[in-house]
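Given next are the chains, with one letter for each unit.
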Amino acid sequence: SQQGEEDPQALSIQEGENATMNCSYKTSINNLQWYRQNSGRGLVHLILIRSNEREKHSGRLRVTLDTSKKSSSLLITASRAADTASYFCATGDSSYKLIFGSGTRLLVRP
Amino acid sequence: DTAVSQTPKYLVTQMGNDKSIKCEQNLGHDTMYWYKQDSKKFLKIMFSYNNKELIINETVPNRFSPKSPDKAHLNLHINSLELGDSAVYFCASQQGSGANVLTFGAGSRLTVL
């Protein structure tokens, strides 16, 4: 069954604004990862946050994790047109499986 | 050099045919995966091999058969193609075990007519 659920399904913002995407999951995890997928391309890893971490930064990306609520958020600050893509969260446990959500489609208008 | 390469990128075929998609990684990773992405962008794990051994086999029809001749290659053969098999198939690789970072190929878009 599907593990991660992203919210919203689609997001349209103006260049320069911040974009926030949320991910909820159902079971215990070792880590949570965020990936970006440009149209017609493969997924690219953005950031990984472990279950004992609460916040992580990478450039314009900020990820938070709340294991008590089984949720995570991805914040992209000062968005650019090039950030237009689909963003997926993926949860991993102790097995080999990395389970993906259905993604948030982000459109950044110039 | 492309880290994870899939061929072909596009595949259009008739119902009932048999087709294969090939994947190769040059990262020295131990584990390789096949994922299927449907028209709604939902990404579903299909198979995983670790050092040529099958470790994940999700609920996938028997018409799908993965083969890993060595740890750098993972191929997917599909028999008796059906309309519902139309999707983008992604190969990915990962170092070690557990939920480590995946490196994806560019995808193979399969269209069954």
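An account of the accompanying structure is given in this report.

Cut-offs applied
- Residues numbered from 1 in each chain as written.
- Chains lettered and ligands numbered in written order.
- Predicted model: local features only at pLDDT ≥ 70, side-chain atom pairs only at ≥ 80, totals over all residues.
- Heavy atoms only, no water.
- Helix = DSSP H or I, 4+ residues; strand = E, 2+ residues; numbered from the N terminus.
- Pairing = 2+ DSSP bridges.
- Patch = residues over 30% accessible without salt bridge, like charges linked within 9 Å, V, L, I, M, F, W, Y side chains within 5 Å.
- Areas by Shrake-Rupley, 256 points an atom, 1.4 Å probe, with all protein chains shown as cover.
- Salt bridge = Lys/Arg side-chain N within 4 Å of Asp/Glu carboxyl O.
- Lys, Arg positive; Asp, Glu negative; His and termini not counted.
- Charge placed at Lys NZ, Arg CZ, Asp CG, Glu CD.
- Contact = heavy atoms within 4.5 Å.
- Buried area = accessible area lost by both parts, 1.4 Å probe.
- Polar contact = N/O pair within 3.5 Å; in protein donor to acceptor, adjacent residues only side chain to side chain.
- Axes fitted to C-alpha atoms, helices over the stretch in contact; angles between N-to-C directions.

### Structural notes on unusual backbone geometry
Thought 1: Here the residue pair A:Asp7 and A:Pro8 is connected by a cis peptide bond, since its omega of 0° sits within 30 degrees of zero.
Thought 2: If you trace the backbone, A:Pro8 turns up in the loop between β1 (5-7) and β2 (10-14).
Thought 3: The omega torsion of the bond from B:Thr7 to B:Pro8 falls at -5°, within 30 degrees of zero and hence cis.
Thought 4: Secondary-structure assignment places B:Pro8 in the loop between β1 (4-7) and β2 (10-13).
Thought 5: For A:Lys70, which is not glycine, the phi torsion reads 50° and is therefore positive.
Thought 6: Tracing the chain through its elements places A:Lys70 in the loop between β7 (61-66) and β8 (71-76).
Thought 7: Here the phi dihedral of B:Lys41 falls at roughly 75°; this positive angle occurs in a residue that is not glycine.
Thought 8: Mapped onto the elements of the fold, B:Lys41 is located in the loop between β4 (31-37) and β5 (43-50).

### Quick notes on the pairing of strand β6 (residues 53-57) of chain B
Residues and elements named next belong to chain B.
Thought 1: Examined bridge by bridge, β5 and β6 share four bridges and lie antiparallel to one another. Bridged to Tyr49 within β6 is Leu54.
Thought 2: Joining the antiparallel neighbours β5 and β6 is a turn of two residues, in which Asn51 adopts a positive phi near 50°.

### Side note on a positive patch on the surface
Thought 1: Judged by side-chain charge, A:Arg41, A:Arg105, B:Lys9, B:Lys41 and B:Arg109 come together as a positively charged surface patch.
Thought 2: Note that B:Lys9 resides in the loop between β1 and β2.

### A few points about the environment of B:Ser80
Residue and element names in this part refer to chain B.
Thought 1: Checked against the element boundaries, Ser80 lands in the loop between β8 (73-78) and β9 (87-94).
Thought 2: Residues Ser80 and Gly16, spaced 64 residues apart in sequence, show a C-alpha to C-alpha distance of 4.1 Å.
Thought 3: Beyond its immediate chain neighbours, meaning those up to four positions away, Ser80 contacts Gly16, Asn17, Asp18, Arg63 and Asp85.

### Some points on the interface of chain A and chain B
Thought 1: Listed by partner, the interface residues are 23 residues for chain A and 26 residues for chain B.
Thought 2: Contact with chain B buries area across many residues of chain A, yet A:Tyr96, A:Lys97 and A:Phe100 alone supply 36% of it, more than any other trio.
Thought 3: With its nearest N and O atoms 2.9 Å apart, the salt bridge here joins B:Glu58 to A:Lys97.
Thought 4: Taken together, the connections running from chain A to chain B amount to five residue pairs in polar contact (both at pLDDT 80 or more).
Thought 5: Of all the secondary structure elements, the ones that give two or more residues to the side of chain A that touches chain B are β4 (31-37), β5 (43-50), β9 (85-92) and β10 (98-100) of chain A.
Thought 6: For the side of chain A that touches chain B, the element with the most residues is β4(A), which contributes four residues.

### Comments concerning the sheet that holds β7(A)
All names here are of chain A.
Thought 1: With respect to topology, five strands assemble into an open sheet ordered β1-β3-β8-β7-β6, the strand pairing being antiparallel. Edge positions in the sheet fall to β1 and β6 (55-58), since each of these pairs with one other strand and no more. Between one strand axis and the next, the sheet turns through 20° on average, direction left out of account.

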